[in-house]
Each structure stands twice: as C-alpha cells, then as structure tokens.
Amino acid sequence: MAAVASLAIATVPSVTYSRRSSSSALSRVAFRRAPRLARRASSDEDDNTPGNSDQGVFMRQITPEEKDAEVKWLGGMLKLWLDDEWSLQEPHKELGLRAAEKCTSMRLEGCEDMGSLVMGVAADLIEFDFSDTFVNAFEVANKCSEILMMREGYEVCCINKDDMSRQTRYEEMVANGEV
C-alpha cells in the first residue's frame, strides 16, 4: 500500500481513525466516547488520575499553572517526532505548537476524553498549510494522543522504538539547552 491517506470515519458511539506510519502500514485505533463527569457522578469517583475503561481513555485534568509548560513540552515532542519521522522542516515548530495549544486548551476546559481531544485537535488543524510537512491533521492529532498516553503510562498500540525513546531524548535536549 503506497501512500495511505488518513481517514476520519465517525461512528456512534465511537470514533475510528487511521494513520499512516513511516512504514506505510495502516493501524487503526478506536476510542469510545463517554463523558467522564457522568461516569464520575455514577461511581462517586473523585480522583484526578488518568483512566482507561470500557468507556474510553481519559487524561488527567491539568491546571492553569501547568498550561505554559504543557504547551512547550507537547509542542516540542510533536516537533521532534516530525523532525525524526521526516526531516527538519520550518513548519514543524508552528504545527507542534498549534496542536499543543489546542490540546492544552481543551484539557483546561475540562475535556479529558482522548477521542474528543483527537477530534478537536484534528478539526483545529484542518486549515493549517501542510504542504511542507508530509503529514495531515489526523496524523498529528493521533500522535498527540499517543505522546500523552505514553507519558501517562498507557500501553500504546503501533509505536516503534523511536517513539519509546523520544521522551527521554527530548528531556535530554531540554537539559542540554538544545531546545
């Protein structure tokens, strides 16, 4: 399968989307969408920890104090992924920051459901000029979710050894003043 375009196929009650990896293999990820607040109300759940259930993958809420650091970290991780996966391109930094800003703003507004985060980031990026990036809105949104899930300790499907080492490499780059 040479070039595979990412697809956004909405189904109720889940969202299914695909991404093209560097090996051109097609992987599918499905996330169930359910409001976490309703689940919390019915289960008396009050902790702020990420969770994975039959109702979906949920990230912990972030605080306004964490906003700038979260945008910088996630934007840097996305830029590093784009640079690793393709080549150094000027739009990578802007693309990473834009995706990180949207994801972080959604989380600050209370969105914790990973499926909703992916769709929100992808929708925000649709108008971005991807002509020099070799990716599209859904690939970036999907990678954003993978990066966040890996940081929270989730087992993430369809990642490679570079994905697993990227966070450590990025943190070393920050410590060395390279970022």
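Residues numbered from 1 in each chain as written. Predicted model: local features only at pLDDT ≥ 70, side-chain atom pairs only at ≥ 80, totals over all residues. Heavy atoms only, no water.

K.L.:
Which residues make up the overall build of the protein, and what are the values?
P.N.:
Along the backbone of the protein there are six helices and five strands. For the protein, the sequential pattern of α-helices and β-strands runs β-β-β-α-β-β-α-α-α-α-α. Here the protein holds 179 residues, and 43% of them are scored as buried. Sequence-distant contacts, at least 24 apart, represent 55% of the contacts inside the protein between residues at least 6 apart. (Helix = DSSP H or I, 4+ residues; strand = E, 2+ residues; numbered from the N terminus. Buried < 20%, exposed > 50% of the residue type's maximum accessible area, 1.4 Å probe, protein only. Contact = heavy atoms within 4.5 Å.)

K.L.:
Requested: an account of the layout of surface pockets, with residues and values cited.
P.N.:
Computed from the structure, the largest pocket encloses a volume of approximately 240 Å³. The wall of the largest pocket is formed by Lys72, Gly75, Gly76, Lys79, Leu80, Asp83, Lys93, Leu97, Tyr170, Met173, Glu178 and Val179. For the lining of the largest pocket, the elements supplying multiple residues, two or more each, are α2 (67-85), α3 (91-108) and α6 (161-175). When residues in the lining of the largest pocket are grouped by element, the largest group, six residues, is from α2. Here the lining of the largest pocket is composed, by residue class, of five nonpolar, two polar and five charged. (1 Å grid on protein atoms, 1.4 Å probe; cavity = no way out; pocket = protein on both sides within 12 Å on 5 of 7 lines; lining within 4 Å. Points joined across faces, edges and corners; volume = space filled by probe spheres on them. Nonpolar A, V, L, I, M, F, W, Y, C, P; charged D, E, K, R; others polar.)

K.L.:
Tell me about the nonpolar core, and name the residues and values.
P.N.:
Of all hydrophobic cores here, the largest spans 36 residues; its most connected members are Leu74, Leu95, Met114, Leu125, Phe130, Val140 and Leu148. When residues of this core are traced back to their parent elements, those giving at least two are α2, α3, α4 (114-125) and α5 (137-151). Residue contacts for Leu125: discarding those within four places in its chain leaves Leu95, Arg98, Ala99, Phe130, Ala137 and Val140. (Core = buried A, V, L, I, M, F, W, Y, C linked by side-chain atoms within 4.5 Å.)

K.L.:
Just give me the short version of the packing of α3 against α5, but keep the residues and values in it.
P.N.:
The N-to-C vectors of α3 and α5 enclose an angle of 60°; their axes lie 11 Å apart at closest approach. Judged by the twist between their axes, the crossing of α3 over α5 is right-handed. Listed contacts from α5 to Leu95, Ala99, Cys103 and Arg107 of α3 are Val140, Cys144, Leu148 and Arg151. In terms of residue class, the contact of α3 with α5 is made up of six nonpolar, no polar and two charged. (Axes fitted to C-alpha atoms, helices over the stretch in contact; angles between N-to-C directions. Left-handed = near helix turned anticlockwise from the far one by under 90°.)

K.L.:
Please give an account of α5 that cites residues and values.
P.N.:
For α5, with 15 residues, the first-to-last C-alpha span of 21 Å sits near the 21 Å given by 1.5 Å per residue. With 13 of its 15 residues buried, α5 lies for the most part within the structure. With a side-chain oxygen lying 2.9 Å from the backbone nitrogen of Phe138, the N-terminal cap of α5 falls on Asn136. Once α5 finishes, Gly153 follows within two positions and takes phi at roughly 95°, a positive value. (Expected span 1.5 Å × (residues − 1). Polar contact = N/O pair within 3.5 Å; in protein donor to acceptor, adjacent residues only side chain to side chain.)

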